[in-house]
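Spelled out from the first residue to the last, the chains are:
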Amino acid sequence: MKNLVLLTETRHCTSSAKEGDYIISQVPNPNADHDDPEFAETSESFHYLLTPSGTLSGVSSKDAITWSLDLNSFLDQDDDAHRWFHISHEENSDSIVCLSLNGAIISASSDGTNVELIGCFDHGIRCAAWSADKEFLAIITFQPQETDESILIPVLMTMNTQFEILSEVPLPHHMEEEAISVCWNKKTDNQLIAVSTHDSQDNTRKIRIFKGDSLENVATSRTEDGSGKLIPNILAHADIAWAGSNTSNMLACVQRKGRKGRNIVFLEPNGLQHGGFKLEHRLDHEEVIRMDWNAESDLLAITLVGKANDNLQYGKVQFYHRNNYHWYLKHEIQLPDGVKVSCVRFDEIKGYHVSISLQHTVDASLQEWRDYTFIWDTSTTSQKGTTAVIDGNHVNLTMLDKAMIPPPMFASQITFDKSVAGISYVPSYLKCDAFDMLVHLSDNTLAFCDSSRIVACVNLSDAMNGDNDGAADHIDASCLRQFITVNSRIDGDKIVVKVLSIACSKASVSGGGPSKVEELVELRVEMCLNEEDSVSTIALTNCIVLEGKVLRLVNWSDSADTECETSSIGKGGALIELLDGSLFQYTSSDDLHVEGKVMPCEAETMLLEPCPWIAGLYAAGGRQLIIGLSSRFRLYFGERQLCDASSSFILSPTHEFLGYVTLGSRSQLRFLPLKVLLDFDPLMGSEENLDVFAEGYEPRNVERGSTLVAILPENPSAVLQLPRGNLEGVYPRALVLPHIMILINDGRYHSALDMMRRQKVDMNLIVDMDPHKFLVGGGLAKMVDQVQKMDHLNLFLASLQDYDITEWKYRIPPWLRFQESKEIRAESRNVFDFSNKVNQVCSKIRLLMMERGESGQYLLPILSTFAKQSPPQLHNALELIKENAEDAASKTNGAKVKSSLLADHAQSSIKYLAFLADYELLFDTALGMYDFDLAKAVARNSQMDPKVYLPMLKRLRNLPVYEAKYEVDVRLKRYESALRHLYRMGVPEFDADSEVEFSSDHFIKCKRFIEEQKLHQLGLELFIAYPCWHQEIMLSLGESLLRESKGELSLAIFLSTKPPCYEGARKAARICGDYKTFFSCFSFDELTSKEDLLEVADDVAHEIADGRGGVLSKRDGSAAGARILLDYCEDIEGAVDLLIRAQMWFEARRLARLKGEKEVEKQIIDASVSYAKECLSDFESRAENFVEANERYAEVVVIRRKAKAEGVADDDEQNDETGSLFSMASHASNSSMRSNMSASSVGSVTSVSSVISAGTASTFSLINNESSIRHKSKFNNIGKKKKKKKRTRRERLGLKPGSEEELQSLVTKLKVHVIDAELSQIIFETIRFLSQVDKVSIALEVFAGYEALKSLVETNQLDRIQKDAETLKDEEKIARKEGQFFENTILECEGTVNDLRCVESPALLQSLSQYKINLY
């Protein structure tokens, strides 16, 4: 799909010292700076020219002759004038080597001062060629035959750079009048030499291949059919040419085909023919005179010579390229009559730079050569997706939006009289319907074409003649290149078109060298719309001199989109790039008679280096966006490099994307939004411009070496050409998703749904784009009306999920053109309840389809809505199927059908529903409808075994109605319905108005079912009319609640019975800790004695104090227990002991003074002091453990954030000991200090328990329990094992470092070591109590210790939070610098841990600590 574009043309000219002398060969000076000739010295030679007469000249960058030598003057005087044919530059000695046909070899220094005659062969040199590495020279000379010296035979000889003969080999006798050619292959590791001679023995031209070192003959040209025949009819007019490895190291030669036909034949290194092609684009009188390959071996230059009508010869150079096994003629240089080609030389480094030397037969005093620079355009594609490929005088057209036809095939073809030199499409913003393509032919004809024919043709020479007002003498039609159309309008019955072109200056000996500037040429073409009057005219209206030589001339990219629409300035304009990379813009008015202007582009759009491939967008508001791809394949946006290795790019304003393909090991098709590039601010930091330097929007992997051919405007499709030449059409997500979003926004739901179905895009996007517009604004109704295929609606319904897909999977880009309402859309999504999205959509679309549907048109989609809802409404779906089947059966005109559910329509509906839902659930639903025929129909279309469901359905049919329903309900675990049907089974003829007695046996069955399924509430409702059975159900309910430890509810039930059940009430009250109600129940029980009551009171008091009831806290329970001991047992000591256990110092002191127990009061004070000391020790332990746990928590939380961000879960199963983490941590819980003061008995106040750690207990164990080594001594090594390293606490707990279990353990540990509100209240009361009993010093110590712990916790927390915030900020900065997306991951526990603080102490205690109290 690629075309060869002529980038630059430079014409050089010098005057000939001899009349009729011309350049036979020329070579550039490799030591000169050809890229920047402006600063070269005038005495430096840039080119070396050789004429056939022997004139060797050095030419400067301004085409001035710096020195000149007559090589014949260095020969012997007796020798005749030699005819020279070959020149080369020898790098080692920096000298010029010239060869003559008469056999002379002369070496001259690069400045022409030193000339040396190397030698002279007596019998001349017929041809010569240097090897690829310039180390060896192969020549063909002659020597006398040994048997007959009058007969000369050719000899192949190789020489080194010192011109020492290395080897030689004689060749068969050659016909003297025939030409001989020699060439080397381009491989340096296995050098071969090919020689083409015409053997006189069999009068056949043969090509022989020799080894480069030994000149051993290894192959001869033979046909490819395997017969061993020689290739016939090889012509001698053209030299053979050997290609490089890019073309399989093929050797090219010319073969005559028929009388006038010519073929290019290729030979493998083994001499066998390997393909070729016919020269179709040559005239019969034209003959091939030479062939040349470029450095990349992808261009074959074929030079031809022909004879015009006036017998003047002319030259022609054709450039052929192979792709997909087809040879294309990509460009042709047609020279005028009287000008032939004498030499063609490709640059050895720049593969697409070629120099062509000319021979003027009319103006024989002129020595001219021209430099051409070509470049490959990956494609020439119109805005509508039609690509044009040049092939000689044909333009092959392929409409990529209709058919992906791989080259060399095509959809249509336009044929011209001459070969095509260039092609360009008319921008679509010109809205020119008459033609859409501009074709430049090699004979200087400009053709205007549409997709099928030639509309009009004009000759450029008509605009360049002297009669034209705008004609210039220094340019002619052949100087023009790179034609584009910039404006057009209809004027009556004519179309007026403005065309731009670049013109180089003609060669001139008086111009001081080649021109440093070029001109922008304006052409006005007038074409008649009337086909009868097809005369078209062309005129040159203006020539604008530019500031340098032009590299590229292109139109501004165009689009009909709102955001990236080409502005009025861009329409009718063009983008110009000079060789130095500077950018200019051409602007013109709508009046085609007004001359245009050229001005520099905006400074922000300048490129860092010259880019042969450029594209520009002149957007609304005058903003310019210019993208360039350099010859080094670097992609630039202004001064920013987007990609360091890119093969091609396309600017697509229609899709608002820049698409480009990367090179290297990871070849991708990438996309960048144009809106992001247009809004790019170079003054902002790199962090704000990360979108430009990142990979862009969802890249797609492609085959290495692929190029981007087109991005189709109507479809979100990109066309790639693979290295082999095949085409591949892809739908990248970057194009598909915005395209679908635009379709949804525009209400084209059918197109959007079809695209999503084919490209496997989640269809939730249709709803999530704008839920309010879709459900309320009429979007859903439009979709139902537009989508006529029920399968598509079913697919849409099946894909619905209860989440917002635009939040994570398909984010709506902010640069889409409909985003002027993005605030409204965001508000719509924020208000909409996505957790109930599926149900809302299903309900709404079901109503719409039921309103529109006729004769079950939307039956399957409606069934889909029932099945998709949560929970599935399978009951309604089955009812709809049944109703639809009955309606269909009623319309069969009385036809007898065994069951309407057996009809095909009903069966297919049931089968579809069974596909959507779980077949077992569907069968249970049908069975739950008590419709056994429907259940049978469902089972038939499911995966159920007939041996299972048929007997079951048969048995249910034979049962009584309520018994069958009871069986079904029990099977489906619908126990309430089962109980109702079981209740009705006890009344054969149930009548609500009559009182019908139940049998005792049936009630027992009902009661058993009630107790098994815990249906007491329903049982009470059903048996409300039967008091005795209602009372039994109440008692059963109370006992059930007791078993479930619901004491309060059970207590209420037992007391609400008639009469109340006090025994059950006491059990319930004791379980729930309601001691008041418990003792109240004894007053109604006459069997309770005083002694029993005291014993029960003592037990209950201690139970409540121990917290067994679960209702009261431990402090409240101790207070309640103390109250019971005082009221019922009159045990003051036991009551005080319980209060001390709860740290209720004030209440204990009040009771002691009330009873006058001073000794007890002293023990209370001692207990409070002991508790205060324990608090001080506990504060230190808590502080140390909290700091340690907080440090480890900071490390683990970073690990868990990373694991959550990467979606990594713990692989190891939870350790069995993990469950003990919390129980072990609870040993140090806030209740530890409270439990340390527990008393051992009720009757002793002094027995205050002490704190003893488990580690202090001494233990004794044997060394080993094995009998063999149980009594071994320390000197005995039997059974001695290596000492194991002591395991850490984390290892003993079985925690994996950094795991979720360790994190939870640390969170629990942190919570445990922060004093909570309940414990802090006890500590504050203890401080107050100590300050009132003359223990101020210990009170202040406890207060100071608490404040120190509180301050340490707060400081440690703030330090950790601050360090964590700084770390996250640094990580975000690093990620943004590297172009990565950074998302701050937050764990669920972080908020809870960060809020951990100790309770603020009361103001009273703070004031107390400020006074200086005498503590002695």
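In case you missed it, the structure is sitting above this.
So, a few notes on the structure that sits alongside this text.

Calculation criteria
- Residues numbered from 1 in each chain as written.
- Predicted model: local features only at pLDDT ≥ 70, side-chain atom pairs only at ≥ 80, totals over all residues.
- Heavy atoms only, no water.
- Helix = DSSP H or I, 4+ residues; strand = E, 2+ residues; numbered from the N terminus.
- Buried < 20%, exposed > 50% of the residue type's maximum accessible area, 1.4 Å probe, protein only.
- Contact = heavy atoms within 4.5 Å.
- Core = buried A, V, L, I, M, F, W, Y, C linked by side-chain atoms within 4.5 Å.
- Lys, Arg positive; Asp, Glu negative; His and termini not counted.
- Salt bridge = Lys/Arg side-chain N within 4 Å of Asp/Glu carboxyl O.
- Polar contact = N/O pair within 3.5 Å; in protein donor to acceptor, adjacent residues only side chain to side chain.
- Pairing = 2+ DSSP bridges.
- Axes fitted to C-alpha atoms, helices over the stretch in contact; angles between N-to-C directions.
- Left-handed = near helix turned anticlockwise from the far one by under 90°.
- Nonpolar A, V, L, I, M, F, W, Y, C, P; charged D, E, K, R; others polar.
- Phe/Tyr/Trp six-rings, centres within 6.5 Å; stacked < 30°, edge-to-face > 60°.
- Lys NZ or Arg CZ within 6 Å of the ring centre and 35° of its normal.

Below, the discussion takes up the environment of tyrosine 966. Its location among the elements puts tyrosine 966 in helix α18 (residues 961–971). On the basis of relative accessible area, tyrosine 966 is assigned to the buried category, the value being 13%. Taking the C-alpha atoms as reference, tyrosine 966 lies 9.6 Å from tyrosine 983; in sequence the two are 17 residues apart. Excluding anything up to four places from it in sequence, tyrosine 966 contacts Ala978, His981, Leu982, Met985 and Phe1009.

Core analysis: the biggest nonpolar cluster contains 95 residues, and Met783, Phe796 and Phe923 have the highest contact counts within it. Residue contributions to this core peak at 9 residues, all from helix α4 (residues 733–745). Residues contacting methionine 783, with those up to four places away along its chain left out, are Tyr749, Ile766, Phe774, Leu793, Phe796 and Ile845.

With that settled, consider the side chain of glutamate 522. With respect to the secondary-structure elements, glutamate 522 resides in strand β38 (residues 519–528). Notably, glutamate 522 is buried but unbridged: the nearest opposite-charge side chain belongs to lysine 498, and the N-O separation is 4.2 Å. Here tyrosine 586 takes part through its side chain, which lies 2.6 Å from a polar atom of the side chain of glutamate 522. At a separation of 2.9 Å, a polar atom in the side chain of glutamate 522 contacts the main-chain amide nitrogen of glycine 596.

In total, this model carries 44 salt bridges according to the counting rule given. In this structure, aspartate 199 engages lysine 206 in a salt bridge whose closest nitrogen and oxygen atoms are separated by 2.9 Å. Here aspartate 199 matches lysine 206 in class, with each residue buried. For lysine 316, the salt bridge is made with glutamate 286, and the minimal N-O distance between the two is 2.8 Å. Here lysine 316 is found in strand β24 (residues 313–323), whereas its partner glutamate 286 is found in the loop between β21 (273–278) and β22 (287–293), with 30 residues between them in sequence. Owing to a relative accessible area of 5%, lysine 316 belongs among the buried residues under this scheme. Assessed through its relative accessible area of 1%, glutamate 286 is described here as buried. Taken together, the shared-partner salt bridges in this structure form one network comprising Asp199, Asp202, Lys206 and Arg208.

On to the sheet that holds strand β52 (residues 707–711). Strand order in the open sheet formed by 3 strands is β52-β53-β54, with antiparallel pairing between adjacent strands. Of all the strands in the sheet, just β52 and β54 (727–730) have a single pairing partner and so form its edges. Within the sheet, the average angular offset between the axes of one strand and its neighbour, ignoring direction, is 25 degrees. Of the pairings in the sheet, the one linking β52 to strand β53 (residues 718–721) comprises 4 bridges and is antiparallel in character. Each residue of the ladder has a partner; that of isoleucine 711, found in β53, is alanine 718.

The subject of this paragraph is the packing of helix α12 (residues 859–868) against helix α14 (residues 904–916). Interaxial distance between α12 and α14 falls to 10 Å at its minimum, and their mutual angle equals 35 degrees. The chirality of how α12 crosses α14 is right-handed. Here Leu859, Leu860, Leu863, Ser864 and Ala867 of α12 come into contact with α14, specifically with His905, Ser909, Tyr912, Leu913 and Leu916. Split by residue class, the contact of α12 with α14 holds 7 nonpolar, 3 polar and no charged.

Moving on, we come to the packing of aromatic side chains. For the structure shown, the criterion picks out 33 aromatic pairs. Judged by centre distance (5.2 Å) and plane angle (85 degrees), the rings of phenylalanine 1324 and tyrosine 1346 are edge-to-face. With phenylalanine 1324 in helix α35 (residues 1317–1332) and tyrosine 1346 in helix α36 (residues 1336–1377), the pair connects residues that are 22 residues apart, well separated along the chain. Assessed through its relative accessible area of 5%, phenylalanine 1324 is described here as buried. Here tyrosine 1346 falls in the buried class, since its relative accessible area comes to 0%. Site record: aromatic cluster; members linked through ring pairs are Phe266, Phe277, Trp293, Tyr320 and Trp327. Taking the ring centre of tyrosine 328 as reference, the NZ or CZ of lysine 330 above it sits at 4.6 Å. The residue whose ring lies beneath lysine 837 is tyrosine 803, and the NZ or CZ to ring-centre distance is 5.8 Å.

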